Amino acid sequence: MIQQYTDKPQPQAQEVTVTKEQKPGAQTVSAHFLKFTIRFFTLAKSQYQQQNVVKANTLAFNALMRLNELSGRNLTMSELADQLDITKQQLTKLVNDLEEKELVQRTHDSQNRRQVYITITDQGARMLADLKQSMLNSTLKALSGYSEEELAQLDHCLTNLSHLLEKFNTET
């Protein structure tokens, strides 16, 4: 059975009680997080890199995701560069490429021509939805070998991880 991709909110993580003897230090957690991240990115790259105009988990993909999340609200080039944590020069090259592929559109402010807004086009939104659906189908296929108990465990871990990552900040 194929499911449709949705961005619906996930349930809150459950509290876990850990005794003092079980508490790992920040160094141990950092090492586990790094190991998990590398494995996850390797898995994602092998599972989600279909022949699409934009590859999953690239800067272009992240830019389109951000623009798509805004549901019609315009972002300036500067705001998008800040949100993607890249320079305006890097964003200009990226937007030029996405605009050439008709996935985004630039609009100049009528009052201030130097102010440029970026929006995702209908074609960009459709391409992104197709890519997300393809990623979901690939994930469902990969999970087909899991038992119901393993799926429940994985779901619990992912829900908790998503909740905990909301607090994650590499700049502090």
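As the structure is a prediction and not an experimental result, all values here were calculated from the model.

**Q** Mind showing me how you'd approach the overall build of the chain here?
**A** When its secondary structure is counted, the chain shows 6 helices and 3 strands. When its helices and strands are written in sequence order, the chain yields α-α-β-α-α-β-β-α-α. Counting the 172 residues in the chain, one finds 24% classified as buried. By sequence separation, contacts in the chain at least 24 residues apart represent 55% of the contacts at least 6 residues apart. Here the chain has roughly 13,100 Å² of accessible surface; of this, 51% comes from carbon and sulfur atoms.

**Q** Can you help me understand the environment of Leu91 in this one?
**A** Relative to the helices and strands, Leu91 is located in helix 4 (residues 88-100). With 14 residues separating them in the primary sequence, Leu91 and Met77 have C-alpha atoms 7.4 Å apart.

**Q** Even after reading the chapter, I still don't get unusual backbone geometry, so can you show me in this structure?
**A** A negative phi angle is the norm for most residues apart from glycine, just as the trans form is the norm for most peptide bonds. Despite not being glycine, Asp85 shows a phi value in the positive range, around 60°. Structurally, Asp85 can be placed in the loop between helix 3 (77-84) and helix 4. We note that Glu102 has phi near 60°; this positive angle belongs to a residue other than glycine. Relative to the assigned elements, Glu102 resides in the loop between helix 4 and strand 2 (104-108).

**Q** Please clarify how the nonpolar core should be interpreted in this entry.
**A** Core analysis: the largest hydrophobic core is formed by 30 residues, its most contacted members being Val54, Leu64, Leu91, Leu98 and Ile118. At the level of elements, helix 1 (26-48), helix 2 (59-69), helix 3, helix 4, strand 3 (116-120) and helix 5 (122-143) are the ones that each hand at least two residues to this core. Here this core gets 6 residues from one element, more than from any other, and that element is helix 2. Once residues within four sequence positions are removed from consideration, Leu98 is found in contact with Val54, Ala60, Ala63, Leu64, Leu103 and Val104.

**Q** Honestly, helix 3 in this entry has me stumped. Any pointers?
**A** Quick reminder: α-helices carry 3.6 residues per turn. Residues three or four places apart thus point the same way. When helix 3 is considered as a whole, its buried residues turn out to be Met77, Leu80, Ala81 and Leu84. For helix 3, the angular spread of buried residues about the axis comes to 100°, placing them on one side. Contacts from the buried residues of helix 3 go to helix 2, strand 1 (75-76), helix 4 and strand 3. Asp85, located one to two residues past helix 3, shows a positive phi value of around 60°.

**Q** Got a minute to help me understand the pattern of salt bridges in this structure?
**A** Two side chains of opposite charge can pair, provided their charged atoms sit close to one another. Evaluated as defined, the whole model comprises 3 salt bridges. Taking the shortest distance from any N to any O, the salt bridge between Arg106 and Glu99 comes out at 3.2 Å.

**Q** Which parts of the structure should I look at to understand helix 2?
**A** What helix 2 keeps buried is the set Ala60, Phe61, Ala63, Leu64, Met65 and Leu67. Within two residues after helix 2, Ser71 carries a phi angle of roughly 45°, on the positive side.

What counts, and at which threshold
- Think of each chain on its own: its residues are numbered from 1, step by step along the sequence as written.
- Only residues with pLDDT of at least 70 are given local features in this predicted model, and only at 80 or more are side-chain atom pairs given and counted; all residues enter the totals for whole chains, interfaces and linings.
- By convention in this description, side-chain values take in all heavy atoms of the structure and omit both hydrogens and water.
- The helix and strand labels rest on DSSP assignments: H or I over at least four residues marks a helix, E over at least two residues marks a strand, and numbering proceeds from the N terminus.
- Type-normalised accessible area, obtained with a 1.4 Å probe on protein chains alone, sets the label of each residue: buried when under 20%, exposed when over 50%, and partly exposed for intermediate values.
- The contact criterion used throughout is that any non-hydrogen atoms of two residues lie within 4.5 Å.
- Here, Shrake-Rupley sampling with a 1.4 Å probe gives the accessible areas, and only protein chains in the shown set may cover a residue.
- The term nonpolar core refers to a set of buried residues drawn from Ala, Val, Leu, Ile, Met, Phe, Trp, Tyr and Cys, joined through side-chain atoms within 4.5 Å.
- As used here, the arc belongs to the directions running from the helix axis to the C-beta atoms.
- Counted as salt bridges are all cases of a side-chain nitrogen of Lys or Arg within 4 Å of a carboxyl oxygen of Asp or Glu.

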